[in-house]
Structure formats: C-alpha cells, structure tokens
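Listed here are the chains, written in short residue letters.
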4 protein chains.
Amino acid sequence: MSENLRVAVIGAGRMGMDHILRLHHRTARAEVAAVVDIDPTRARAAIAGIPGASAVTDAGEALGSADVDAVLIATPGFLHEDILHQALARDIPILCEKPLTPDPASAWKVVQAEEKLGRRRIQVGFMRRYDAEYAALAGIVRSRELGDLLMLHHQHRNAATPAGFTNEMLINDSVVHEFDAVRFFTGEEITAVQVRIGKSTGNSPVGQRDPQQVLMETESGVLADVEIYVNARFGYQVSAQAAFEDGIVSIGADTGPLVRTDGRWGGRVAPGFEQRFSAAYDAEVQAWVDASLAGTAEGPSAWDGYATAACCAAGVEAQRTGQRVPVALNGKPALYLS
Amino acid sequence: MSENLRVAVIGAGRMGMDHILRLHHRTARAEVAAVVDIDPTRARAAIAGIPGASAVTDAGEALGSADVDAVLIATPGFLHEDILHQALARDIPILCEKPLTPDPASAWKVVQAEEKLGRRRIQVGFMRRYDAEYAALAGIVRSRELGDLLMLHHQHRNAATPAGFTNEMLINDSVVHEFDAVRFFTGEEITAVQVRIGKSTGNSPVGQRDPQQVLMETESGVLADVEIYVNARFGYQVSAQAAFEDGIVSIGADTGPLVRTDGRWGGRVAPGFEQRFSAAYDAEVQAWVDASLAGTAEGPSAWDGYATAACCAAGVEAQRTGQRVPVALNGKPALYLS
Amino acid sequence: MSENLRVAVIGAGRMGMDHILRLHHRTARAEVAAVVDIDPTRARAAIAGIPGASAVTDAGEALGSADVDAVLIATPGFLHEDILHQALARDIPILCEKPLTPDPASAWKVVQAEEKLGRRRIQVGFMRRYDAEYAALAGIVRSRELGDLLMLHHQHRNAATPAGFTNEMLINDSVVHEFDAVRFFTGEEITAVQVRIGKSTGNSPVGQRDPQQVLMETESGVLADVEIYVNARFGYQVSAQAAFEDGIVSIGADTGPLVRTDGRWGGRVAPGFEQRFSAAYDAEVQAWVDASLAGTAEGPSAWDGYATAACCAAGVEAQRTGQRVPVALNGKPALYLS
Amino acid sequence: MSENLRVAVIGAGRMGMDHILRLHHRTARAEVAAVVDIDPTRARAAIAGIPGASAVTDAGEALGSADVDAVLIATPGFLHEDILHQALARDIPILCEKPLTPDPASAWKVVQAEEKLGRRRIQVGFMRRYDAEYAALAGIVRSRELGDLLMLHHQHRNAATPAGFTNEMLINDSVVHEFDAVRFFTGEEITAVQVRIGKSTGNSPVGQRDPQQVLMETESGVLADVEIYVNARFGYQVSAQAAFEDGIVSIGADTGPLVRTDGRWGGRVAPGFEQRFSAAYDAEVQAWVDASLAGTAEGPSAWDGYATAACCAAGVEAQRTGQRVPVALNGKPALYLS
C-alpha cells in the first residue's frame, strides 16, 4: 500500500507541467497518478519518466479511477467549473489553479456545491499566501505588534504581455492576485474598486492601456492601491508596503548576489513569476498534499475564489467607467467562517 | 569692500534660526547682515556671535538698509505677501520659504508684481529640488534614458504633528512638497486632484484624519499618488518611486551605518526633515547666494509658488468633497517660460 | 513496489531529527525506513507518525535490512568511520553529515575504501554548496564573466556557543565550512593556513579566544580570510565577498521583510543556521535522493571530506603556533578527478 | 575689515584646485587670498574669478604676506616639510594634505617644531574622519553602546592606477588612509603590520602586485585588515565593517537612486574619491576654517601624520619581506595628549 497522495493533474500546459514536475521531484508523499490533457501526445509526454502514471484525454476517466486520491486542476479557467463539480461529486481533495471560475455567478455555484457537500475540499491556487514575506506581513497584521493596518501599496510588474492580452485581463489575470492579497492581509472583504488610467507606455499591445492604478477599500476602511504594469520590460517584480499605526513594512525587495561591475552595483531582477515564486509554489503544493493526507483542507477556499471573482467583475466595470464601483457579495456560508 | 552677499533674514523662529546658522556657518560668500523679528529679544539672540549683524523688529527697516543686498523670508506664510511686495519694490534677491503665500489669489498678485518688475527676483523654498536623489530622478526624466515617465508614487511620513494640525494643513503644509515634486519631475502642471480618506490611526489629534492618499494627474496624463501620514510615529520618511517605459527608479531609501544587534539588522530612521534634508537646504541656500551674486535667479519661481497654491486649493476641496477636482490656473507669464 | 528511496537515519539527535522531518515532510521520493539511535526511547520517538518506519539501536541491523536502500549518517563525528565502512561494504548511497571523520588519517582510509569499491557512494554534508547564493557565486567563478577570482572574505558569526566549545572546535566545527567553501568557489586545494588571535569578547566561555581570523591560500594564490566569531550575540550570519578582476560579488545579505518602527529601519537576523540554511538543507537532501535513485553520486565527495580534515588539522596547528602552516595532502585518487 | 579667514593655497594641481574651488564656492567665512604654484600660468588660472586673490610662484612670498591668515598645503608630499616649517615659524593655521611628510624621520621633525611652538597649528588632511558614516562608527566605539570593538575589515578599491604606481605607493598613498582610520576608530596606535600578496589581476601596471591584503594589530589587540585593490575596474569603493562584543556595524554601502532596468536592479558606483568623499572634504575644510577663526586647532594632528608615516614605513617593509613588522614610534609629546 502506498502512503503517498496519488494525484491526477488536469491540463499539461505551462502551469500543469510545472506542477507535474513539482509533484514528482520536489513534493514529499505525493505522486503523479494520472495526467489528463485533451492532446494525447502532450499527456504522454508529461508522464515520461514517472513510473506508474497514466496519460488520459478525459478528466472523467481520471476522476473515476480507483488509483486517484486527489486532483490538481491546471486547465484554462473557463474549463474549471465542470471539473470542479465532478471532483466535488467524487468528494476528493482539489487544488484548483486561479481563477476558481471566470465569473462570480459560476464561482457561487461551486461554493454552493461544496457547502452542500458539507466539508471543504477545494484549495484555490493563490500561491502568494505561501511566500515567506507575504506570510510574514500577514503575521504582523494578525499579531497587532505594529497596531492596526491602515494602508497598502502594491506593485505588480511584468516584463511583457503576449498579443491579445486585453485591459480586462490586467484585472482578471493579474490584479486578481492583489485582490486576494489585500483580503489575506486584512482578513476583510473588499467593498469597492476604482481604476485610474493615465499615460500609457509605447510598449504595450494595441488596445491595451498600461500601466493602470487599481484602488480598493476594505470593510474597515483600509485603502489599498496597485500599480499594475504588464509591459515594464525590466523584468518581473511583485512588492508591497503596508502602513501600520506604529510602523511601515515592505516586502518584495530585490535579492542577491550583489555584484559591482562596470560602474554599477546591484543584482539581477527575476525574469518571471516562476523564479520569483518558485518556493511559494512548492510550499503551496506541499501544504495541500499534507492537508489532503490528513483529511483536512486549508489555504485559500472556494469562498476566496468567489469573492475575488466578484472583485474582478467590479474591477473591470471600474476600468470601463472610471467610477468607484461597489463589490457585490452574497452572504458567506457557515462552512467558510473562521 | 565685502564680496559677500549681505542677507536680511525675516523671522527668527525655527526655520529662520536654521537659515541664520546655515548662512553664517556653512554658506560661502554670504553673511547675515540683519535679523528681523517682531520679538526684539529673539532677534537679538539670533545675531549673537555674528559680527556686524543688526537686530531689528521691522522688516521695512532692514529692507531699506544700504547694508542689505538680499532677503530671506522665514516668517509664517500669511505674513509673506506684504514683505514680498516690499522686497520686489526694492528689486533685491528674495529667498522665500514655502508657501509663497497661502492662497492662489495672493500668490498671483506676487507673480504679477514680479512680472511687472521684468525680471526674476524670487526663489521659493522648495528645497527638495536640491536633494541629490530628487535631482538625479529629475535628470533621468529629462534625459529620457528610460523612456517616458508614466507613474509616480510618493510617501511622506512624519513622526507626529502638534495639536491643531488640521486636515487642511496636511495638504497645505505637507503635500505642497509633493505638488512641487510632481511638477518638478514631470515639467508639467497638475490638472486634477483627488483625496481618499480611509481607516485612521488612533495616534492623530482629534479631528484629523490620518493617513490620507492624494491622487494627481498631470497635463500629459502622468498619474501620481502620495501617502501623507503625519503621525506615523516611527520617524520621518520621504521617498518616491517612478515608473518609466524602460525601468523603475526609487529614491529615499534608508541609509547607514548598518548595524546588527539584538537579533536585528538595520539602521536609524531620520527623526525629522532637518536631518533628512540638511544637505538639500545647504545646497538650496548656496545656489541662491551664488545666483544672487551673479545677478540672476534660478530654482523654484514665484510661478511655482502660485501653481502649488492652486494645487493646494484644489486638494483641500478634494479632501472635503471626496471628488476629483480640476486645478484652475491663469496663463503662465512669459517671464517664467523656459 | 515502492518507488521511493528507503533511508535509514543513523542518530536521532538535533541534526538527525531535522533530517528525519525533512525526509518525511519535504523530500520527494524518499521515505524514512529506519531510525537508529543508541537510546531506544529516542529512536522510537523519532519514528512517531511515520508509517512503516522501524526504530533500532544498532546501525548494523539497519544497514543489513532488505528494506533499507540508503543511509544518512547524523551521529557525532567520531562515530562516522565505522558506519561509513559498513555502508560502503553494503555498497549503498551514503549522505554523511560533516565532518566525514574527525582527522585526516581516518578520512583517508574512507577515501581508500571507496576507491577500492570503484564508485562514488559518499556525499558529505557541506550543505552550503546548495545555498542559492553560494551556488550563484560559484557559477560566476566558473563562467569567468568577471575574469579571474582573486580574493575571498568570509564572515561566520554565531550568537553563542555552549560551554566546552574549545578553540579547536572553532576550526573543526565552524571554519570547516569555509575550508570547503573556498575549495568549492576556487575549485582548488588550500595550501596553507594561518590564524590570528587578538582582542577577545568578554562573552566567550572560559579558555576560548573569540573572534579569530583564519587566513588561507589556494594553489593559484587566491587569498581567503574568515572572521570566525561564535559568541557574537546579535544572531547568526554567514556571508562572503569575492574580488574578481572585473568586479566584486557579495552574498549573504540580510533579508526582509523590511520594517520601520521605533526610529529604526531594518529586519530580523536569522537566529541560527537552521533558519538561514533551511532551503539549502532541503536542496542537499533532495539532490542526494535524486542522485541515489538514479544510481549516481554527486555533491561533496569523500575526497572533499578528507581534504577539509587536512585543512582543519593545519588550522588547529596554526591556531596553536601563530605560524603559517602548509596543508599536507595525499595524491587525489582517479575516482575523484573531474 | 573682512571677517573671513584669508587662505594661501600652496599647489594648484588636482587637489589644490579642488580646495580652491571649495574655499571659494562652498566654505563659509573663508576666502582664497593667494595661490602659489611653481608654474605661474597655472597659479594665475587658479585665481580666475576670485576677486582679491593673488597668484605667486614662491611659497615664502605668500606666507610672508600680511593679507594671509592661514595656509593650505596641497603640493606633492616631498615638498611639505619645508613649507610646514616656514608656516610654523609664522605661527598660522595649517591644513596639510596627507602625507604630513613622506617618512617618519622628517615627520618627527615637524612634530618637534610644533611642540616647540607650544600649540597645535597643523591639521593633516585625513578627510575620512569627516565622513558622516566614519564619524558615526567612531561614535559607536566611543559610546561603548555595542561593547568593546574587537575586529575591523576594510575595503579600499580604485578603478585604476596610473602607470608608475608602485607597490610602495599602494601602502604610502592608499593604505595610509586605513592606517589613520584604524587609529581613529580605536583611539590606539598600530603596533604591527603584515602584508599578504597572492594572485594578481591582469589589469595592473607592470611590476605592481594587486590586490594585496594588509593586516594590522593595535595596542589592545584589535585586529584589522584591508583589501587594497587599486585596479578593480568597476569603480571606487571604500567600506568597512566593525565587529563589536554586542553587534556588527557596516559603513560604505552603495547609495541611490535605485534603478531597475534591463533585467538588473541597482545603482551607480561612485567613479572616484572626489564623488564619494565630496561632503567629507567640504566638512573637513569648514571645520578647519571654523577652528582657525576661533584660534584653535582640531582634527588629525601632526602626531597623526607622524604615526601614520611610521605605519607606512613598517607596511612597506612588511610588503617586501612577507613578515609581521612592528611599528616603531617615539614617545607622544604632551601637546598631543588628550
């Protein structure tokens, strides 16, 4: 009898492959039992070198297998809803890459299905909560060692976006991380969103306005802002500063080695999120495996997936209108309290 | 015959005394010829140890003296207007502490008086332009080495405010520096201001909401924001980050010595603006003395004083209404072009 | 059939327990098959919560078990020799905590035994090679992107030492890491050692002189120095600076979050090596497991264990005499070339 | 009557011109009364734009003038001795660029002449004592807030040296600053010097071995080391780290603005000592002017000039022999006690 959590990975694209390698090479007590991809060649390639793993093209087949204990969903977001309902019906642990689903209505159905099941089975892939500095800042808020948190500033910068990356995707694919981060830091819901658009870089795709500034408010009145700048060229950077009653906390500083050469001092900027958050992804998946083997669920919940979907919907409307848009949320089910 | 610029300092309070000591002890080719203060005891105390300086209680007397070549105005702002007009009538170099005058209407009269005189005589005390890092950032904008400037973020934090420091003073006394800084960095006027007020610290005086976030837009659409937080307790901090098309520039980092002790690494935060901007004040006054001896005027002009007064007026209205408020400006006189 | 590497851990003390938890909770494709400790209570406690693991008091019993694929040695150093020879006789993968053995003569016997076996089976626990910044610095040397490496400076500081931590232990237990690091960075052997002892802290145990400065030379003449300071009180710090022909590289800077409070800016110093090098230990053990499953051996070899033992012997003599002491090494067996 | 200190500057080369501009443009209550240079064209060029200054070719003429209150010596070091004796005979304030004189014997004669005069008139140009971070570190030592100082590490790196810069000049022209710094930080004399020479850069002039490591000991046993690396190419860097009983202090970190561009984060390295120590030079000269006008003398004394000359002599011998060389000093005259 294997003591390991046998995981079916749905989707063998960029994120899926990353998770397959992580589960096989860097995660304790987990093994890749099956890889599902609509492209059978890609599915087969993904299991090369992984003894005992099967490659299938149908998610239902993997979810129905007795050799599968848990499922990691890494398909494009619009495909999540159906798989989530199947996996909930099977009552197995689920790690679902963000977004839970692309809109608040479908996300709410997932929440209701899990609530009906009566126990948490879903963890959503907001991996920043597993970054050591993000966790440390959240810990400082919880401890109240610096008094109340009052204001948050975020920077989210990417080197470049592919053609077809729209204004809406700036909110739905990028700022969604900060929506979750603000909720994580404050422990509160976001109540309203505003988007400011000013001078744009000449380096963005046609039709995209970049950078933008997204402004948020939380239930207790904490103000947060995000500079989302997805064609910043220099590299990838995610950082945040928090103003407390008794001090200021900054996370996301550049790291070493520090080099002096050619009249300059400094170091290398992380080229992308894989490098910047590699340890956070590892910690996220290990935490999910550990909780799953223990029969529990922790980390970002389906409610977090639903609430951030509602923030995104408000954000896209705010982006379009230039107005401050309230965030509409249903009541929080008891399953997600505390 | 003395080659030095003989300066009358008007006002021997905190800023006045600071400038008197600077002129006497750290400024080349300048000397304190007279100190004017309504309190004769304070005026006399201010010239102790300065050979040849006189102490008077009437600004007119000092401005009328043949031994005075230039005037430095360091009284409270509401007293500036009358002295400025007297000094312009005398046609001598003027270094006027900020604000030029407390409101756009009176500032505009000063602009008109200088324009009528036909040459620049007034330098306004926006000393941050003389800070090495502020100047370096402005230089990067001018050089376009990182492409166009797109967005600016500012933090302006003080340890505490005295009782009676009102919400309006957050704009008029504190954010006025960032209004000038944004104009300095961009070389553009500010076109609109918005103020966000959220959760407040428990450490502010009654009636004051602290921190606040001030949002600005410039002519070309550069977006700027300021966290103004005047009871931040930990110390004094002024910093800024600029997003360009080809990179990000940050100024105002904490400085050394770096100490490791008691489980901590780090250093001391500057307790106040005198320590943080000491070198900038020295450079400002030296530049004014140098230009005055050369018969020219440089640095922040009466127009800059007028334009920031208009920003402050818009900022206070934005603070009161929560709305985005356009900044109203008269046409720029030819004297201040280029 | 289990695909995992089944590891017997010898020694359930501080380092042993750390490795047991790492193998079980954070290492992919490994499992703890047996824990050996002379104290049966400690051995049993160590396997609590690890299904299938056995607790024994005799290393031979574990090494003889068909359920054991590999061995991790974490006993005190003077017990390593015998277990190493048993494990080599069994021809299984070995991860041996540093030191390989406590002296060059016994280390050389281990080298000879492995050479006779004809293939590398031993990896020595110099885990700094798996620290991201150490690896990056080594990469810069190998790439020659900054020209030749010329000089190395190291700081190795601990908060405190237990009573009975002798002058010799400063060399054998602490500086041994820098002996390996200098060999790792340069790819050369150390040819001579000198030790300078000056003013001592009042915080060291009786009889111990702290701090000390250890000076080294390598085959090509690279000069290295180490400040070893084991009662530095403020916390734990390991850092290094390398002077190249075309630049300087520094590693081991303090990390975030960066906090401003109480008139200070900065962060927390790592209290000990477990926190500072946690990721390096994880990477070391994962690399050993991966190589073992692939039937190969990588990382620090028995030769590295032998050569550092020779450096330590020279270091202790240098410490005693104040003289520059050459390092005596036997010829390098072919097994360890390349 | 002028209240200013009227200074004769001897030598209008690189350092002399730098001081002339400083005295005229950035120093309060000082004026350049005369410039002496053996080249009359250079002397005349140096006083261009300075009203009232005279240009002469003979130091004696300037020193004999009733219009000269003080003298700043900026000729090459081998010319200092004669001018120093003339200026002491005249009994006027002297600021003498380092070295006081090139060797201990002639420096001792200057000490004796000043002692005979009966009051301090000489300040030696060890300007690092006026750098804010150097002064802060010295203050931490004096305050004993971190307990006793135990060990010092220094880095002194230049981009390049001119042809003809010999091994001896590494000690006499460069490390002389660290000899003074170690004496300044500890308040003790240096008792012995050792020099280590290893692998050399390919970028140094023929015959020069670069980098070198200079080791020192002080009276109480503080150990200090210096990496002197004068063809380091990347730029100019002077930094130091101090190990205390209760902490570590680092000075000389790189400063902002911090720029992220092209996959890098960091800033610009100071190209040379003029940029790095500009404020220190200004503070040094202002302090000398202030003390001279007050009829006192402070800062580095003739004794400091003599003692560092003795360190240099020992350092050059240590460099030649590879041995530890004691520093020979005469007894300290009463004039320099306290």
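Source: prediction; values computed, not measured.

## Remarks on the overall build of chain A
Thinking step 1. Secondary structure summary: chain A contains ten helices and 15 strands in total.
Thinking step 2. A compact globule built from 338 residues would reach a C-alpha radius of gyration of about 20 Å, and chain A, at 20 Å, matches this within 12%.
Thinking step 3. C-alpha extents for chain A along the principal axes are approximately 55 × 55 × 45 Å.
Thinking step 4. The 338 residues of chain A split such that 57% are buried.

## Looking at the packing of helix 4 (residues 80-90) of chain B against helix 5 (residues 104-117) of chain B
All names here are of chain B.
Thinking step 1. As a packed pair, helix 4 and helix 5 sit with axes 10 Å apart at the nearest point and diverge in direction by 0 degrees. Classified by the interaxial angle, the pair formed by helix 4 and helix 5 is roughly parallel. Contacts between helix 4 and helix 5 involve Glu-81, Leu-84, His-85 and Leu-88 from the former and Ser-106, Val-110, Ala-113, Glu-114 and Leu-117 from the latter.
Thinking step 2. When the residues that make up the contact of helix 4 with helix 5 are grouped by side-chain class, the tally is five nonpolar, two polar and two charged.

## Some details on the sheet that holds strand 5 (residues 94-96) of chain B
Residue and element names in this part refer to chain B.
Thinking step 1. Judged by pairing direction, the sheet is parallel, and its six strands sit side by side in the order 3-2-1-4-5-6 without closing on themselves. Because the sheet does not close on itself, it has two edges, and the strands there are strand 3 (54-56) and strand 6 (122-124). Strand-to-strand twist in this sheet, taken as the mean axis angle between neighbours without regard to direction, amounts to 25 degrees.
Thinking step 2. Relative to strand 2 (residues 30-36), helix 1 (residues 14-25) is tilted by about 150 degrees, and along the sheet it contacts strand 1 (5-10), strand 2 and strand 4 (70-73).
Thinking step 3. In the packing of helix 9 (residues 278-293) onto the sheet, contacts are made with strand 1, strand 2, strand 4, strand 5 and strand 6, and the angle to strand 1 comes to roughly 130 degrees.

## Quick notes on the relation of the copies chain D and chain B
Thinking step 1. The two copies are related by a screw motion: chain D maps onto chain B through a turn of 180 degrees and a shift of 0.1 Å along the axis, at an RMSD of 0.0 Å. The operation mapping one copy onto its partner corresponds to a two-fold rotation axis. Of every C-alpha in chain D, the one belonging to Ala-28 of chain D sits nearest the axis of rotation, 2.0 Å from it.
Thinking step 2. Counting the interface residues of chain D, we find that 100% of their copies in chain B are interface residues as well, pointing to one common contact surface.

## Looking at the relation of the copies chain B and chain A
Thinking step 1. Once chain B is rotated about the relating axis by 180 degrees and shifted along it by 0.0 Å, it coincides with chain A to within an RMSD of 0.0 Å.
Thinking step 2. Both copies share a contact surface, since 100% of the interface residues of chain B are interface residues in chain A too.

## Re the environment of Val-124 of chain D
Thinking step 1. Structurally, the position occupied by Val-124 of chain D is in strand 6 (residues 122-124).
Thinking step 2. A sequence separation of 202 residues divides Val-124 of chain D from Pro-326 of chain D, and the C-alpha atoms of the two residues are 24 Å apart.

## Quick word on the interface of chain B and chain A
Thinking step 1. Residue-level contacts link 28 residues of chain B with 28 residues of chain A.
Thinking step 2. Elements that contribute at least two residues to the side of chain B that touches chain A include exactly strand 7 (149-157), strand 9 (212-218), strand 10 (223-229) and strand 12 (247-251) of chain B.
Thinking step 3. The element contributing the most residues to the side of chain B that touches chain A is strand 10 of chain B, with four residues.
Thinking step 4. Per-class residue counts for the side of chain B that touches chain A are ten nonpolar, nine polar and nine charged.

## Observations regarding the confidence of the model for chain A
Thinking step 1. Chain-level statistics for chain A give a pLDDT mean of 96 and a share of 99% at 70 or above.
Thinking step 2. Model confidence for the complex: the whole-complex pTM is 0.96, and ipTM, which rates the interface, is 0.95.

## Some thoughts on the interface of chain D and chain B
Thinking step 1. Contact residues are listed per partner, giving 28 residues for chain D and 28 residues for chain B.
Thinking step 2. Secondary structure elements with two or more residues in the side of chain D that touches chain B: helix 1 (14-25), helix 6 (132-143), strand 12 (247-251), strand 13 (258-261) and helix 9 (278-293) of chain D.
Thinking step 3. The biggest single contributor to the side of chain D that touches chain B is strand 12 of chain D, with five residues.
Thinking step 4. A breakdown of the residues in the side of chain D that touches chain B according to their chemical character gives 13 nonpolar, ten polar and five charged.
Thinking step 5. Pairing of strand 12 of chain B with strand 13 of chain D involves three bridges; the strand directions are antiparallel. Residue pairing in the sheet places Ile-248 of chain B in a bridge with Arg-260 of chain D of strand 13 of chain D.

## Comments concerning the domain arrangement of chain A
Residue and element names in this part refer to chain A.
Thinking step 1. If you check the domain split of chain A, you get domain 1 (5-127 + 280-300) and domain 2 (131-276 + 305-328).
Thinking step 2. Spacing between the C-alpha centres of domain 1 and domain 2 amounts to 27 Å.
Thinking step 3. The partner domain 2 presents ten residues to the 14 residues of domain 1 that form the contact.
Thinking step 4. Of the residues forming the side of domain 1 that touches domain 2, the biggest block, four residues, is contributed by helix 5 (residues 104-117).
Thinking step 5. Of the residues belonging to the side of domain 1 that touches domain 2, the class tally is ten nonpolar, one polar and three charged.

## Considerations on the nonpolar core
Thinking step 1. Val-7, Val-35 and Val-193 of chain A together with Val-7, Val-35 and Val-193 of chain B are the most contacted members of the largest nonpolar core, which totals 221 residues.
Thinking step 2. The contact partners of Val-7 of chain B, leaving out residues within four places of it in the chain, are Leu-23, Ala-30, Glu-31, Val-32, Ala-33, Ala-70, Val-71 and Leu-72 of chain B.
Thinking step 3. Core analysis: the second largest hydrophobic core is formed by 217 residues, Trp-265 of chain A, Met-216 and Ala-309 of chain C together with Ala-318 of chain D among them.

## Some thoughts on the sheet that holds strand 6 (residues 122-124) of chain C
Residue and element names in this part refer to chain C.
Thinking step 1. Reading across from one edge, 3-2-1-4-5-6 is the order of the six strands in this open sheet, with parallel pairing throughout. Both edges of this open sheet fall to strand 3 (54-56) and strand 6, since each of them pairs with a single strand only. When strand polarity is set aside, the average angle formed by the axes of neighbouring strands in this sheet is 25 degrees.
Thinking step 2. The pairing of strand 2 (residues 30-36) with strand 3 spans three bridges and is classified as parallel. Paired with Val-36 across the bridge in strand 3 is Val-56.
Thinking step 3. On the sheet, helix 4 (residues 80-90) packs against strand 1 (5-10), strand 4 (70-73), strand 5 (94-96) and strand 6 and is oriented at approximately 170 degrees with respect to strand 5.

## A few points about unusual backbone geometry
Thinking step 1. Here Asp-210 of chain A and Pro-211 of chain A are connected by a cis peptide whose omega angle stands at 0 degrees.
Thinking step 2. Tracing the sequence through the fold places Pro-211 of chain A in the loop between strand 8 (190-197) and strand 9 (212-218).
Thinking step 3. In the segment running from Lys-98 of chain D into Pro-99 of chain D, the intervening peptide bond is cis, with an omega of 0 degrees.
Thinking step 4. Its place among the elements puts Pro-99 of chain D in the loop between strand 5 (94-96) and helix 5 (104-117).
Thinking step 5. For Asp-91 of chain C, which is not glycine, the phi torsion reads 60 degrees and is therefore positive.

## Describing the environment of Glu-178 of chain D
Residue and element names in this part refer to chain D.
Thinking step 1. Mapped onto the secondary structure, Glu-178 falls in helix 7 (residues 167-186).
Thinking step 2. Glu-178 sits 25 residues away from His-153 along the chain, and the two C-alpha atoms are 9.9 Å apart.
Thinking step 3. Among residues more than four places away in sequence, those in contact with Glu-178 are His-154, His-156 and Val-226.

## Points about the pairing of strand 7 (residues 149-157) of chain D
All names here are of chain D.
Thinking step 1. For strand 7, a buried count of nine out of nine residues is recorded, marking the element as mostly surrounded by other parts of the structure.
Thinking step 2. Bridge analysis of strand 7 against strand 11 (residues 237-244) gives eight bridges, and the strand direction is antiparallel. Bridge assignment links Leu-152 to a residue of strand 11, and that residue is Ala-242.
Thinking step 3. Pairing geometry for strand 7 and strand 10 (residues 223-229), over seven bridges, is parallel. Residue pairing across strands places Arg-157 opposite Tyr-229, the latter belonging to strand 10.

Definitions and limits used
- Residues numbered from 1 in each chain as written.
- Chains lettered and ligands numbered in written order.
- Predicted model: local features only at pLDDT ≥ 70, side-chain atom pairs only at ≥ 80, totals over all residues.
- Helix = DSSP H or I, 4+ residues; strand = E, 2+ residues; numbered from the N terminus.
- Rg over C-alpha atoms; globule rule 2.2 N^0.38 Å.
- Buried ≥ 20, exposed ≤ 12 C-beta atoms within 10 Å, placed from the backbone.
- Axes fitted to C-alpha atoms, helices over the stretch in contact; angles between N-to-C directions.
- Parallel < 35°, antiparallel > 145°, perpendicular 65-115°, else oblique.
- Contact = placed C-beta atoms within 7 Å.
- Nonpolar A, V, L, I, M, F, W, Y, C, P; charged D, E, K, R; others polar.
- Pairing = 2+ DSSP bridges.
- Least-squares fit on C-alpha atoms with pLDDT ≥ 70 in both.
- pLDDT = per-residue confidence, 0-100.
- Domains from an automatic or database assignment.
- Core = buried A, V, L, I, M, F, W, Y, C linked by C-beta atoms within 7 Å.

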